[in-house]
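Here are the chains, one letter per residue:
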4 protein chains.
Amino acid sequence: MENKMNKEATGLTHECGVFGAIGNEKWENNTEIAQIILIGLQALQHRGQESTGMVTSVGNNEFNIHKGMGLVKNVFTNESISQLSGIMGIGHTRYSTSAKSTAVNAQPFVVHSMHGSLAVAHNGELVNAAELRKQVLARGVGLSTHSDSELITQALCLIPPDGEVNGPDWPARIRHLMQLAPLSYSLVIMLKDRIYAVRDPYGNRPLCLGKILASTQDTVNTFTEDMINRVTEHEKEADGWVVASESCAFMKITRYIREIRPGEIVELTKNGPRTVEIILTPEGKKLAFCIFEYVYFARPTSIFEGQEVYNVRVHCGRQLALEHPVDADIVGSVPESGNAAAHGYSLESKIPQGELLAKNTYVGRTFIQPTNRLRQMNVALKFSPILTNVKGKRIILIDDSIVRGNTVGPIIKLLRKSGAKEVHIRIASPPLKYPCYMGINIPTRDELIANAKDFEDIALKVGADSLQYLSVKGLVRAVQKDISNNDRELDHCTACLTGDYPGGLPDKLDW
Amino acid sequence: MENKMNKEATGLTHECGVFGAIGNEKWENNTEIAQIILIGLQALQHRGQESTGMVTSVGNNEFNIHKGMGLVKNVFTNESISQLSGIMGIGHTRYSTSAKSTAVNAQPFVVHSMHGSLAVAHNGELVNAAELRKQVLARGVGLSTHSDSELITQALCLIPPDGEVNGPDWPARIRHLMQLAPLSYSLVIMLKDRIYAVRDPYGNRPLCLGKILASTQDTVNTFTEDMINRVTEHEKEADGWVVASESCAFMKITRYIREIRPGEIVELTKNGPRTVEIILTPEGKKLAFCIFEYVYFARPTSIFEGQEVYNVRVHCGRQLALEHPVDADIVGSVPESGNAAAHGYSLESKIPQGELLAKNTYVGRTFIQPTNRLRQMNVALKFSPILTNVKGKRIILIDDSIVRGNTVGPIIKLLRKSGAKEVHIRIASPPLKYPCYMGINIPTRDELIANAKDFEDIALKVGADSLQYLSVKGLVRAVQKDISNNDRELDHCTACLTGDYPGGLPDKLDW
Amino acid sequence: MENKMNKEATGLTHECGVFGAIGNEKWENNTEIAQIILIGLQALQHRGQESTGMVTSVGNNEFNIHKGMGLVKNVFTNESISQLSGIMGIGHTRYSTSAKSTAVNAQPFVVHSMHGSLAVAHNGELVNAAELRKQVLARGVGLSTHSDSELITQALCLIPPDGEVNGPDWPARIRHLMQLAPLSYSLVIMLKDRIYAVRDPYGNRPLCLGKILASTQDTVNTFTEDMINRVTEHEKEADGWVVASESCAFMKITRYIREIRPGEIVELTKNGPRTVEIILTPEGKKLAFCIFEYVYFARPTSIFEGQEVYNVRVHCGRQLALEHPVDADIVGSVPESGNAAAHGYSLESKIPQGELLAKNTYVGRTFIQPTNRLRQMNVALKFSPILTNVKGKRIILIDDSIVRGNTVGPIIKLLRKSGAKEVHIRIASPPLKYPCYMGINIPTRDELIANAKDFEDIALKVGADSLQYLSVKGLVRAVQKDISNNDRELDHCTACLTGDYPGGLPDKLDW
Amino acid sequence: MENKMNKEATGLTHECGVFGAIGNEKWENNTEIAQIILIGLQALQHRGQESTGMVTSVGNNEFNIHKGMGLVKNVFTNESISQLSGIMGIGHTRYSTSAKSTAVNAQPFVVHSMHGSLAVAHNGELVNAAELRKQVLARGVGLSTHSDSELITQALCLIPPDGEVNGPDWPARIRHLMQLAPLSYSLVIMLKDRIYAVRDPYGNRPLCLGKILASTQDTVNTFTEDMINRVTEHEKEADGWVVASESCAFMKITRYIREIRPGEIVELTKNGPRTVEIILTPEGKKLAFCIFEYVYFARPTSIFEGQEVYNVRVHCGRQLALEHPVDADIVGSVPESGNAAAHGYSLESKIPQGELLAKNTYVGRTFIQPTNRLRQMNVALKFSPILTNVKGKRIILIDDSIVRGNTVGPIIKLLRKSGAKEVHIRIASPPLKYPCYMGINIPTRDELIANAKDFEDIALKVGADSLQYLSVKGLVRAVQKDISNNDRELDHCTACLTGDYPGGLPDKLDW
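Residues numbered from 1 in each chain as written. Chains lettered and ligands numbered in written order. Predicted model: local features only at pLDDT ≥ 70, side-chain atom pairs only at ≥ 80, totals over all residues.

This paragraph deals with the overall build of chain A. Of the regular secondary structure elements, chain A holds 17 helices and 23 strands. When burial is assessed residue by residue, chain A has 59% of its 511 residues classed as buried. Taking contacts inside chain A between residues at least 6 apart in sequence as the whole, the part at least 24 apart equals 75%. (Helix = DSSP H or I, 4+ residues; strand = E, 2+ residues; numbered from the N terminus. Buried ≥ 20, exposed ≤ 12 C-beta atoms within 10 Å, placed from the backbone. Contact = placed C-beta atoms within 7 Å.)

In many reports, interface size means the accessible area that the parts give up when they come together. Facing 23 residues of chain C, the contacting portion of chain A comprises 23 residues. Of all the secondary-structure elements, those providing two or more residues to the side of chain C that touches chain A are strand E5 (109–113), helix H5 (129–138) and helix H6 (148–157) of chain C. Broken down by element, the residue count for the side of chain C that touches chain A peaks at four residues, all from E5 of chain C. Across the side of chain C that touches chain A, the residue classes break down as 14 nonpolar, eight polar and one charged. (Nonpolar A, V, L, I, M, F, W, Y, C, P; charged D, E, K, R; others polar.)

This part takes up the sheet that holds strand E2 (residues 51–57) of chain A. Residues and elements named next belong to chain A. Reading across from one edge, E3-E2-E4-E1-E10-E9-E11 is the order of the seven strands in this open sheet, with antiparallel pairing throughout. If you trace the sheet from one side to the other, it starts and ends with strand E3 (64–69) and strand E11 (254–259), each paired once. Averaged over neighbouring strand pairs, the angle between their axes works out to 15 degrees when direction is ignored. Looking at chain direction, strand E1 (residues 16–23) and strand E10 (residues 240–244) are connected through five bridges and run antiparallel. (Pairing = 2+ DSSP bridges. Axes fitted to C-alpha atoms, helices over the stretch in contact; angles between N-to-C directions.)

Residues and elements named next belong to chain A. Here the UniProt feature "binding site: [4Fe-4S] cluster" (unreviewed entry) sits at Cys290, Cys436, Cys493 and Cys496. Spanning 207 residues, the annotated positions come together in the fold, the maximum distance between their C-alpha atoms being 10.1 Å. Among the structural elements, Cys436 can be located in the loop between strand E21 (422–427) and helix H15 (445–461). The exposure class of Cys436 is buried, given the 21 C-beta atoms found within 10 Å. Summarising the element assignment, Cys493 is placed in strand E23 (residues 492–493). Those residues in contact with Cys493 that sit more than four places away from it in its chain are Asn204, Ala288, Phe289, Cys290, Ile291 and Pro502. (UniProt positions renumbered as here; feature names shortened; annotations may be inferred.)

A separate point is the sheet that holds strand E2 (residues 51–57) of chain C. All names here are of chain C. Across the sheet, which stays open at both edges, the seven strands sit in the order E3-E2-E4-E1-E10-E9-E11 with antiparallel pairing between neighbours. The sheet is open, and its two edges are formed by strand E3 (64–69) and strand E11 (254–259), each paired on a single side. Sheet twist, expressed as the average angle between the axes of neighbouring strands with direction ignored, equals 15 degrees. Relative to strand E4 (residues 88–94), E2 runs antiparallel, the two sharing seven bridges. Paired with Thr52 across the two strands is Thr93, which belongs to E4. Along the sheet, helix H2 (residues 32–43) contacts strand E1 (16–23), E2, E4, strand E9 (208–213), strand E10 (238–244) and E11; its crossing angle with E4, the most-contacted strand, is approximately 25 degrees.

Turning our attention to the relation of the copies chain C and chain A. A rotation about an axis combined with a shift along that same axis relates the two copies of the chain. Of the transformation superimposing chain C on chain A, the axial component is 0.2 Å and the angular component is 179 degrees, with the fit at an RMSD of 0.1 Å. Taken together, these values place the two copies in the relation of a two-fold axis. Closest approach to the rotation axis within chain C is made by the C-alpha atom of Val141 of chain C, at a distance of 3.1 Å. (Least-squares fit on C-alpha atoms with pLDDT ≥ 70 in both.)

What follows is about the pairing of strand E6 (residues 116–124) of chain A. Residues and elements named next belong to chain A. Counting buried positions along E6 yields eight of nine residues, so the element is predominantly enclosed. Pairing of strand E5 (residues 109–113) with E6 involves five bridges; the strand directions are antiparallel. Note on E6: the bridge partner recorded for His112 is Ser117. Counted between consecutive antiparallel strands, the loop separating E5 from E6 contains two residues. As judged from the six bridges shared by E6 and strand E7 (residues 185–191), these two strands associate in the antiparallel manner.

A separate point is helix H16 (residues 472–480) of chain B. Residues and elements named next belong to chain B. Within H16, burial applies to Gly474, Leu475, Ala478 and Val479. Take H16 and look down its axis: the buried residues cluster within an arc of 135 degrees, on one side only. Each element contacted by the buried residues of H16 is listed here: helix H9 (291–297), helix H10 (309–323) and strand E23 (492–493). (Arc of directions from axis to C-beta.)

We now examine the confidence of the model for chain A. Low pLDDT marks stretches whose predicted atomic positions should not be read closely. All names here are of chain A. Taken residue by residue, chain A gives an average pLDDT of 85. The fraction at 70 or more is 85%. Throughout residues 1–11 the model reports pLDDT below 50, and contacts reaching past four residues in sequence, or to other chains, amount to 20 contacts. Predicted confidence for residues 219–235 stays below pLDDT 50, and this span has 33 contacts to residues more than four positions away or in other chains. Interface predicted TM-score (ipTM) for the complex: 0.87; the corresponding pTM is 0.79. (pLDDT = per-residue confidence, 0-100.)

Glancing now at the packing of helix H5 (residues 129–138) of chain A against helix H6 (residues 148–157) of chain A. Residue and element names in this part refer to chain A. Packing of H5 against H6 leaves a shortest axis separation of 10 Å and a crossing angle of 45 degrees. For the element pair H5 / H6, the angle class is oblique. When the axes of H5 and H6 are compared, the crossing they make is left-handed. Residues Ala129, Leu132, Arg133 and Val136 of H5 lie in contact with H6, whose contacting residues are Asp148, Leu151, Gln154 and Ala155. Here the residues of the contact of H5 with H6 are counted per class, giving five nonpolar, one polar and two charged. (Parallel < 35°, antiparallel > 145°, perpendicular 65-115°, else oblique. Left-handed = near helix turned anticlockwise from the far one by under 90°.)

Here we come to the pairing of strand E8 (residues 194–199) of chain A. Residues and elements named next belong to chain A. Burial within E8 is extensive, with five of its six residues counted as buried. Pairing analysis gives six bridges linking E7 to E8, with the strands arranged antiparallel. Its bridge partner being in E8, Leu187 is matched across the sheet by Val198. As consecutive antiparallel partners, E7 and E8 are separated by two residues. Two elements, E8 and strand E12 (residues 264–269), share four bridges in a ladder whose sense is antiparallel. Bridge assignment links Val198 to a residue of E12, and that residue is Ile265.

Moving on, we come to unusual backbone geometry. Note the cis peptide between Gln107 of chain B and Pro108 of chain B, where omega equals 0 degrees. Assignment of secondary structure puts Pro108 of chain B in the loop between strand E4 (88–94) and strand E5 (109–113). The residue Glu305 of chain D is not glycine, and still its phi comes out positive at about 50 degrees. Relative to the helices and strands, Glu305 of chain D is located in the loop between strand E15 (303–304) and strand E16 (307–308).

Moving on: the environment of Ala341 of chain D. Residue and element names in this part refer to chain D. Mapped onto the elements of the fold, Ala341 is located in helix H11 (residues 339–349). For Ala341, a count of 34 C-beta atoms within 10 Å gives the class buried. Along the chain, Ala341 and Ile303 lie 38 residues apart, while their C-alpha atoms are 17 Å from each other. In this structure, Ala341 is in contact with Arg313, Cys316, Gly317, Leu320, Ser333, Ile398, Asp400 and Ala428, ignoring residues within four places of it in sequence.

Geometry of a packed helix pair, given as the angle between the helix axes and the separation of the axes. All names here are of chain B. At a minimum axis distance of 9 Å, the contact between helix H14 (residues 405–417) and helix H15 (residues 445–461) shows a crossing angle of 5 degrees. One way to sum up the angle between H14 and H15 is to call them roughly parallel. Across the interface between the two elements, Gly405, Val408, Gly409 and Ile412 from H14 touch Asn451, Phe455, Ile458 and Ala459 from H15. Of the residues contributing to the contact of H14 with H15, the split by class is five nonpolar, three polar and no charged.

This part is about the environment of Cys248 of chain C. Position of Cys248 of chain C relative to the elements: it lies in the loop between E10 and E11. Overall, Cys248 of chain C belongs to the buried group, with 26 C-beta atoms counted inside 10 Å. Between the alpha carbons of Cys248 of chain C and Pro300 of chain C there is a distance of 8.4 Å; along the sequence they are 52 residues apart. Sequence-distant contacts of Cys248 of chain C, defined by excluding residues within four places in its chain, comprise Ala43, Arg299, Thr301 and Ser302 of chain C together with Ser384 of chain D.

What follows covers the environment of Ile174 of chain A. Residues and elements named next belong to chain A. Secondary-structure assignment places Ile174 in helix H7 (residues 170–180). Along the backbone, Ile174 and His146 are 28 residues apart, and their C-alpha atoms lie at a distance of 21 Å. Those residues within four positions of Ile174 in sequence are excluded, and the remaining contacts are Tyr196, Val198 and Ile265.

Right, dumping it as structure tokens:
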């Protein structure tokens, strides 16, 4: 059971973060672009910690490449950055799904094609990967990995059977790819002198556009009104442009402009961004931005659909207080995942919010040759209780989801043993019930149900007085509460909660 | 100015953390003791991050030693732990002060004496070190370091001129040392079969006693009533005993019993702890426990003088709200140092507490060959503003002290640029005005005054609407509010705030 | 000049070493194959020190892969070996030529093709690479590197225009490749259940076949009569089979059987090796085994064309003594490259052989911030003179070639200053005059001529009394002296010495 | 048996190499001295590979220190060298004997004494260490290690009971030490402004003096006539002076002058070297320079007593040929330890010398989880036979001693299996029969005899046709053959061969 929970905890992983940057016509060929990408990749590290890579171009087909296993800060040394000069570049952080976890799968994937060099960074998962793979192999191409990214790359290189794309018309090749595989991906594609930012027609994975501030501008992040709307005059003053999976990757000298729209192909050159085309979802299909990005994946400061993720999570906490109120002395959270929802719960319920646990920053070493005595010590050394807020108190403990289910059990036990009078668990999202086939790694439905069951059993067994989840309806309400003016009918992918897959299941996709 | 502030920030360092552990008569000779010490040292890592070491004894004079530069988790590998078997041991974490920062200065310091092996771990600073050093050298002893710890060790080995200590009577030698140098130190001294825990007569540095739970007992930390009082029946069930600079080092299978008293010499053997003697402060002198341990140094969950440090900090925040109220929308803190005080301020003022900043966990790489553009990026990438709680809000920003003064400036600027309507700084302690000669590294009074001035200038220049400190009186009140039943007249060392040195100044100590 | 010589010294690099191993039908799936390959790659380390890799198969299309930059011993850790279980596998050691030196170019190259997984390890250089590359790109394939190995791999996957190979007939695909590109390569190609060992029709690069001794056999290397001839009964007792660039890679439990013939395709399965076909050189073309493998590249214990390389080098030394005799006291060599030739020279001339220089094993650190004084120290700390054999002696100093020309200068100077009466340089091969396009990296003819000139100038300037080379005719005689019974007309590639390229020059290949 | 031999092989270790350097009055304070010492320590690496250290002085009592476990090239990074500026310094390479192998035992040992800082580097072993230790402890000094070096250091600091040395007269303190402990050591002692080079009265351990060439001089090593005699005019042109355990440590810009004499105290200041005093051996005792330095320990290019070690070894080989002739085709050696003796044997016997084995430079990895098959592979992959010189040949195989006895067995076996007709083993020194108490680590006599017996058994069992040793008389003759003009009666320590200990046995030293 321990193992299963651990598996779940590590299994619910993103597939990736992508980042791209291009300078304007005055940009010099040095490592500034690489360093802007470096910061961006660090800010997207939470979306993939297994491998990372960067590719830059000085304007010709000789790309500079550096990739490796591990965290961004370890893969990119001063020496490797010094090799990555350029006037544009793209980068990637990665979790593996099916493909084995080796350096060869690190992205971006780079090939030399008939029409020049091509680098691709990809977030998402092709629902129809198996079929697309068969088509590519049948054309006499050898594939060196199992990653969807290489598949996409070679698909872009192919001469299509019907000859509709046989030249260097890259937008046509991208459009062709979107027909072959409509779900799910956000792509950053680099050619020698341009970058394409592409979001799938369902808008399942996030992608947003920003700019590099003109060097004359003040560079502290300004989160003013215009920040969460499209502001075209921004572009007039830019020294360059950036794209990223999340707006949290825009820091200091880069600034958020807007989201890439579902199905949009944006071409970035030294002259700025230009919408090439917007491909609509297949007839009868709705938009399907992943609701779990709001709940769990994204950084709290990221902006999706015009709203800050933190604010959505506060709404979730407020909604949770309305759905499942309880009389108590203090509202606390599992650090740090439940902080925003706990804030919302506290505001709505008027019960004060307070820290329950101090993080033991440096403690964490596991034992060699543990005796029974030491084995006991080896669990949950992560936190120490803050007696002032725990002893004799009736506590509401908030977390964002049950993904980290193996953490909550020991925490409840710790609070109980430390003198908490009552411990009420409130989860600011519904339980996960269905696997995702669009970029999140959760193996089977049975496992998910078992996990949720385990979670509840443990919580109650170790002394929780009550345990309640936010409803699906409540979550959707919290997410959509502040969205207005949307140009297409608003909808979100809730497949992992409801089993309602926007593009159908992988084996019989009905688009 | 930048440099000066940085110096201050890194300069205000502890001198050390100490830890000791000894098993009872049934204890087997394996690495359990080493691993208990390992956890303890990790929990004391905040008291010294420069070097660390551990010494264990199997009961004879052949001690096992491992020391090294760097963090506990890096110095102690599985291999080195496997060499540290024993039935007792002591450990140390260290910051340097005057002595050069090399491995040779890492503690514990071990020597072979006429009466067997001796290991010493030391927290504090000898106010009369220069004089003691001269005495030891004059006796024909070579000293291999400049550390006070070696000095103490060789002083314990010496045959005193008057012959009062010439045999293996270690308590007499310790008593003699306490007469030669009464301030300041907490010492853990290991001989082949016993450990002495010693606190200086002023009680300037902390030291506390705990036990190793009998392996039959439940091992989750229980913060019950008895935890913060001396509970003698604890000792009946113990499998061993531990001493540590702070009670936060007692985790899971170790448990807090009580403080070592000022001037107390406690002898720990396999039969348990025994108070050998309590040396009083010199005539006319008061107790002088460092008040800055409460304000800044100690972990929030540590217990001094019968109270949790977190609770004292909440009191400081409440007192601050009483002394310097202001109308506002939200109370926030500089993470994580101001959290407890912000909680107190919020409770007293009824203004809701909320997060203002999200920590950018993975971002932190500095730039190679920075251009002007990149230099701008290189500052304060540590946090991103949480727009939901900042934009349009009147903010009270709390920090525990001005020690981290170089952090507050950029944060105020960031909040302002992110749309904060007002930013009021409240510091939950008075400004530092005088250097410390008892184990905290702050060079000169001029620098301290300059730092405080700089801090205020910057805060206001970058847009703080007001800036107020807690008064010395208010701090003392917050610290002493919940202390009762003290067996000696209560007093604390406030020398760094008031210039009132408990033992006089180093050059003319008047004891 | 220094630089140019350095360039030459590092420029004359092999392109690679290849190794393959397959177990018989009783072989179990564990890491034995990987460890046999590991030893083989270490023994081939001299053929490529930039990167290395290994791919194993358990009998299906899921290959295990590990590749990395650096030496074999660093790339393959216990952990990576433990991931490389299998019943067959291939490995590679690599120097770069044109392709940039990054991990992505490390071999073996692996792809998934329409007819299963495919791994390719390659030694050599495609004389017509540019043209073949164009053909592959035009077919809509993206190439991820500039290496000839990937080019070969994708060429094997292609559906040929004329449809002559459109199925899983791999020998037909290999034959097709040999027609597209006849020069130069030795290839080891792995499919899920078999390995192909292929040598180009000219036999330019070496490749040989061996067996894994049956576990019942005595395993000390036995260099008996049968060892240098094909011995078919070997195969009856084998537990598996191996192929390698050089026979020095067969150690202890692996044993040399015979060379792969020029143009031969050998298929190795669990049932043993089988010659599929032998492709002859194009009409009017002769065999062209690289004569520099004998002179410089190969390990002295390797066997080519039925003779030990060491013996050929002794012949060269004898021939050199006949061509350029001189009266002297001692014959010495540049360690270790000239040892065999010096032995030959000594035997022929009856002048005793002796060590002139002791290697300073541990000395070699370069200086930081060198002063003028230290700069002087930084040169040629590699050897110390052995006074006993140098002082007052007339010395004949032998080296195998002028490739390490920058070493000889300082050595002559050192001998002179140490009291040598005379120093006569004898080089056991002719000077390099022409670039190689078949796998050895020497840029231009002008550079080669300049290098030879520099070499002579320096040698004489620093005090050599004479300097003589072995003649081309003499070298060919030494190489061919002991070869008999050859089934085709004997010939060797001497292009780098004579400019007579066996397949013509790259820009207008006339096959 | 295998284990015992391995133990012997690793057990016969030196105790150390020492090095010192001091600049003249014009020397600037930078890292040149450190880098000269660095090269020196690398050249002395064969004398101690366990730990190393360096201490430099800028002319005052604040020494710069860097020490660590491991090889010189790993312990000294650019960063650590940059911390070691100075105008003089000393260094050390170390093997452990009794003291545990930890960083704390690394030398030089540094203390602050009543009369300034003191650094000591030591090669040798105090025969009466136990007694001296008791005396030091009884004086109230704590000793932090078990190393003789710290003992010597604290003994130098002591105020002697009789008051004969109570001031800063360091030569008097050194003289006092030499009376307390006459055997065996070579010492390099640094004070803030001078270095003392001291050799024990028996001259048991080597130590020699050299100079730093004036920066105007030509710096290639010149091994001319004057090199092996004392040449006073050297000193006039020097920019500084150096001392080292062996003259092989003088390279390029440093040059050999002469040996430090047995019992000599040389003081080196910025004004040059000065003999303070020469202490004679106790009445009735002879000089006792270790004969095994010639046989085994020293580098072949080092100079002792006016002769090159290589030349002595050639003499040993000649003597061996006279004592134990045999008819054969080729004389070979165990690389590289037997090279010089084989050269001598060849010259005397007129049988040609030739290489028998090629070193497999890169092969050496041991196996994880070895199967039976792989275990067979794991032995003796170090060399491959050179068939040309082995097959069908009658071989004389020479080694310097039986210290590496576990190497010879597999080599004989390998030669036999590779077709050698006869293999005759000739050892150029007598068998070791007695333990050494003067700095070489061989535990007991029984073990030594067992080892020699094992060695012979194995050699004959695996196929040696004969096995003969050089006689003690022959060895002494070879060593003393070329020595003349010695100012004291010539004698050498042959205790390990004869049991004749120059200073008696440790437990009852009779000086």
